[in-house]
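Residue-level listing of the chains:
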Amino acid sequence: MMRARRTRHQSLHHWSATLRRMLSPRTWVTRHAQVALESLGRLYRNPLATLMTAAVIGIALAMPASLYLLLNNLDRLSGSWDGQASLSVFLKDTVPGAVAGKLVDRVRGWPEVAEVTLVTPEQALEEFRQRSGFADVLDTLDENPLPTVLLVSPAQDHADPQSAAAMQNRLQALPETELAQLDLQWVQRLSAMLALAQRGVLLIGALLALAVLLVVGNTIRLEIQNRREEIVVTKLIGATDGFIRRPFLYSGTWYGIIGALLAWLLVETGFWLLSEPVRQLVELYQGSFQLQTLPFVLLLVLLAGGILLGLLGSWLAVWRHLGAIEPS
Amino acid sequence: MIRFDNVSKRYPGGFEALKNISLELESGAMAFITGHSGAGKSTLLKLIALIERTTRGQIHVNGQNVTNVNRRRIPFIRRKIGFIFQDHNLLFDRTVFDNVALPLIIAGYRHQEIGRRVRAALDKLGLLSKERMYPITLSGGEQQRVGIARAVVNKPLLLLADEPTGNLDPALSFEIMELFERFNQVGVTVLIASHDVGLLDRLGYPVITLDHGHLAGSGQQSS
Ligand SMILES: Nc1ncnc2c1ncn2[C@@H]1O[C@H](COP(=O)(O)OP(=O)(O)OP(=O)(O)O)[C@@H](O)[C@H]1O
Ligand SMILES: [Mg+2]
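In this text the structure is predicted, and so the values were computed from the model without any measurement.

Another point: the sheet that holds strand E5 (residues 64–65) of chain B. Residue and element names in this part refer to chain B. The strand order across the open sheet built from four strands is E2-E1-E4-E5, with neighbouring strands paired in antiparallel fashion. Every interior strand has two partners, whereas the edge strands, strand E2 (16–25) and E5, have only one. In this sheet, E2 lies alongside strand E1 (residues 2–10) in antiparallel orientation, the contact comprising six bridges. When the sheet's bridge partners are listed, Arg 3 is paired in E2 with Glu 24. Of the strands in this sheet, E1, E2 and strand E4 (56–61) touch helix H1 (residues 41–48), which is tilted by about 120° from E1.

This is the structure:
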């Protein structure tokens, strides 16, 4: 009787102490920090294996990220021309300069037209001579092969594709016109293609995310197998599923973080390598376009994606393989 | 502390390791289970620690019916039981200290508290000088004692020992038994599986005898 009471008291004491311990926020945080560091230490002790897994994740994350960036840049490029849809009207070479001058005044009077610029064959040749580096060749020509061109910008409220197309027809119908060309067309086509390509990137991104899940899942599965003994023993002495799961989930998270950082490094390096050729190309077209590199937000997105995929992948492995390990 | 009511255990292969066992062990008692190899001693201990689950009958541990307890509750029940395994179950990639600390880490003790309790347990088992060593470098008897230290470090209410003296010489066996008696004297219920009949005779505690899964007798061993 005495003994029974003592044990009941002991048991009560035991439970309240356990409860206090579990609810203490400091121990909870330190415990998680400890497990996280332990998992990182484990990865650090196997640098080659860790780096290989992280590299696969890094490459898989870098591909959609760089594709996205590339499209983003192209989109910006087409966007910068979007507002200034313009028409080029090439005049027949039988049209004398004075007639061209009158034509400019006439077209400028149209309500749908904002501005008309006349480019004479002489001006065009001079510009071409300066910019193309073919000056010597041009000097050997005894006749200017370039036509007179009117550059027509539509008024603000006539810049939409339909009005522009109507204007193109009206300009084409002029007797002096050889060809009226709407410069908007390729921009529209590019936009449509970009929209399609963006879909493609999403699809590729989804597939590569799946690949990351499988890579992390498989790596964690191997780790679980390697630590099978330890899992059994800890279960035998009262470890909860959560306790056993935790280090593996942290491992997966670390893989995701390291992979995301590697991806960031890859994208940055790739764009750094591209930046000089792009600058030269843009200079050739007299543009002011600057290649946009990885914005900070995308780094955060990469990190978040890496963490999410790492966590999910390890969760899948843990869910699939930990339950099967039971002591007997 | 422990009550079996018509407990049977059939293993997945169909082999019935325990047949219709009923027994009771009072809180604070100390007793032995004996029987030939394969009689079901380990099985009986495993049923108490919920390492194996009962096929038929009811098991109560510490006043709680654990027969059909949810598997999520099992870890918390095991933490109140110190289990000394027949095959040690030590982790060979960790030091003696870390092995003994494991139950405390699982239960979420603080760092300083862990150090204090682990050293106290190691001291009791004469292992203080070996705390930095790896189990593989220890003798079988020393490994056995590390397993005992790990079982008692959490101050369990119930101590289950499966052949704790299997690898020990008679003198050391007796010392270990004295240790169990000391735990018992401070209120811990102790149940030990052993086929060392000579030792049981000398100690004179209640003995539960198993024979091919049947309860062959329980009572005081004549000395
Ligand atoms: N996991 C298992 N699956 C199937 N049969 C098992 C399992 N574990 C034990 N057995 C069988 O149950 C019987 C009792 O085993 P148990 O380990 O309880 O015996 P024991 O009394 O502890 O023997 P020993 O003294 O050799 O340790 C044995 O015949 C054994 O073969
Ligand atoms: Mg046995």
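What follows is about the side chain of B:Asn99. Residue and element names in this part refer to chain B. Following the sequence through the fold, Asn 99 ends up in helix H3 (residues 96–107). When its relative accessible area of 0% is taken as the criterion, Asn 99 is described as buried. Other than its neighbours up to four places away in sequence, Asn 99 contacts Leu 90, Leu 91, Arg 94, Pro 135, Val 146 and Arg 150.

Residue and element names in this part refer to chain B. Looking at the magnesium ion (ligand 2), the protein donor atoms are Ser 42 (OG) and Gln 86 (OE1), and they sit 1.9 to 2.4 Å from it. Highlighted residues: Ser 42 in helix H1 and Gln 86 in the loop between strand E6 (81–84) and H3, separated in sequence by 44 residues. Judged by its relative accessible area of 42%, Gln 86 falls in the partly exposed class.

A few words now on unusual backbone geometry. Residues and elements named next belong to chain B. One non-glycine residue, Asn 6, lies in the positive phi region at around 50°. By secondary structure assignment, the location of Asn 6 is in strand E1. By relative accessible area, which is 43% here, Asn 6 ends up partly exposed. We note that Glu 163 has phi near 50°; this positive angle belongs to a residue other than glycine.

Before going further, it helps to spend a moment on the confidence of the model for chain B. Taken as a whole, chain B shows an average pLDDT of 90; of its residues, 97% reach a score of 70 or greater. Interface confidence for the predicted complex, expressed as ipTM, amounts to 0.89; the pTM equals 0.74.

Criteria and cut-off values
- The written sequence of each chain sets the order in which its residues are numbered from 1.
- Lettering for chains starts from A, numbering for ligands starts from 1, and both go in the order in which the items are written.
- Selection of residues for local features in this predicted model requires a pLDDT of at least 70, selection of side-chain atom pairs for listing and counting requires 80 or more, and totals for whole chains, interfaces and linings are taken over all residues.
- To obtain the side-chain values, all non-hydrogen atoms of the structure were included, while hydrogens and water were left out.
- Each pair of strands is called paired provided DSSP finds at least two bridges between the two strands.
- Numbering of helices and strands runs from the N terminus; a helix is a DSSP stretch of H or I covering at least four residues, while a strand is a stretch of E covering at least two.
- Contacts are assigned to residue pairs with any non-hydrogen atoms lying within 4.5 Å of each other.
- Axis definition: a line fit to C-alpha positions, over the contact stretch in the case of helices; interaxial angles, taken between N-to-C directions, run 0 to 180 degrees.
- For every residue, the accessible area obtained with a 1.4 Å probe (protein chains only) is divided by the maximum for its type, and the residue is called buried under 20%, exposed over 50%, and partly exposed between those limits.
- In this analysis a donor is any N, O or S atom within 2.8 Å of a metal ion (3.2 Å for sodium, potassium and calcium), and since water is not included, sites may seem incomplete.
- pLDDT runs from 0 to 100 and stands for how confident the predictor is about each residue.

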